[in-house]
Each structure stands twice: as structure tokens, then as C-alpha cells.
Amino acid sequence: MSENNQEEKLVGIVMGSTSDWDVMKEAAKMCRDFGVSFEARALSAHRTPDELGEWIANMEKRGCKAFIAGAGGAAHLAGVVASHTILPTFGVPIPSKYMKGLDSLLATVQMPKGIPVSTLAIGEAGAANAALAVIAMLAINNSELKDKLIEFRAKQSEKVRKATLPELD
């Protein structure tokens, strides 16, 4: 989603297929809302492994600090991304037709010792939370981002405080 292939992007968001965008756009929206630069691509661990490796290397050269990878079914994408970089990799299991994402969750979370993938919830919540985890990581050394994250959390708390239950019938 970047016109300039040399422009700095702090976060690489990758999904195995364009059909995963409905879930992964939640990570992109969260990055956008916090003003964190990102690039989103559809690249397959199985069908475009060379292009995936090249993209990861290019993102690192451009200042990337973390990757968010979403995939369904066999869900090898996050593990393959992690195998190409020492940067933090966050996996988002995409809901699947037959197993509702449980297969994706198990494939993403079961990484071998030594190649970590931080795995989030299945679906949209996982994608948004992956971005929030990256934002929290970036906020360690960025006071402006830290303040935005604190404000975001305060707004979430306020929504809960103001929530009311519907009347009984």
C-alpha cells in the first residue's frame, strides 16, 4: 500500500491472500489511527516465498520495527516471516471455512523453539490487538506514541463506565 518502495515504514503487515484483508485491515486501521507508518501486502508463504523474503529484507532496510502476519488454514506465513528476520513477528490467525480459525490458531501458535511468533486472537480482534502490541512496543522509546496509547486506553475505559444495560422486558 505504498507508492514509494524506499519510504520508511515502521510496520510490515502481510497476509497470505487478498481475501484476508477484511481481517487484516483492522491492523492497518489501528496503525493509521496512531500515526504509525505501515505497508500492507498480500504475499504467500507457499506461492510466493522468494518475493516474501525480498519484501521482508526491503522492509528492514526501510526501518521496519515489527511484522504482523495473518494467514488461514495451514497458516505458515507468520512462521516463515519470523524465519527471515530477527524483528518481532505477530501472528494473526484468519478464520477458516471448516474449522472457524482453530486450524489457523494452532498452526500459528505452535512455532518451534528458537523462532518466536507472538500469536493473537483469531480474526479482527487479533489483527487490531497485534497492531496495538506493536504500538506499545514502539511507545517504549516514543513519548508521543505513549501518550496516544494512554489516551486510547482511557477512552476505552470511559466507554465501559458509560455503558448501560437495556431495560428488562
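Everything below is about the structure printed above this text.
**Section: the pattern of salt bridges**
Working step 1: For the structure shown, the criterion picks out 8 salt bridges.
Working step 2: With a shortest N-O distance of 3.9 Å, D22 and K25 are connected by a salt bridge. Here D22 and its partner K25 are both found in helix α1 (residues 21-34), 3 residues apart, which amounts to about one turn of the helix.
Working step 3: A salt bridge links R161 to E158, with the nearest nitrogen and oxygen atoms 3.3 Å apart. With R161 and E158 both in helix α6 (residues 143-162), this residue pair falls 3 residues apart, about one helical turn.
Working step 4: On the basis of relative accessibility, which here comes to 59%, the residue R161 falls in the exposed class.

**What to know about the side chain of D20**
Working step 1: By the element assignment, D20 lies in the loop between β1 (11-15) and α1.
Working step 2: The charged side chain of D20 is buried without a salt bridge, its nearest counter-charge being R47 at 7.1 Å.
Working step 3: Beyond its immediate stretch of four places on either side in the chain, D20 contacts M15, G70, A71 and I94.

Reading guide: rules and limits
Residues numbered from 1 in each chain as written. Predicted model: local features only at pLDDT ≥ 70, side-chain atom pairs only at ≥ 80, totals over all residues. Heavy atoms only, no water. Salt bridge = Lys/Arg side-chain N within 4 Å of Asp/Glu carboxyl O. Helix = DSSP H or I, 4+ residues; strand = E, 2+ residues; numbered from the N terminus. Buried < 20%, exposed > 50% of the residue type's maximum accessible area, 1.4 Å probe, protein only. Lys, Arg positive; Asp, Glu negative; His and termini not counted. Contact = heavy atoms within 4.5 Å.

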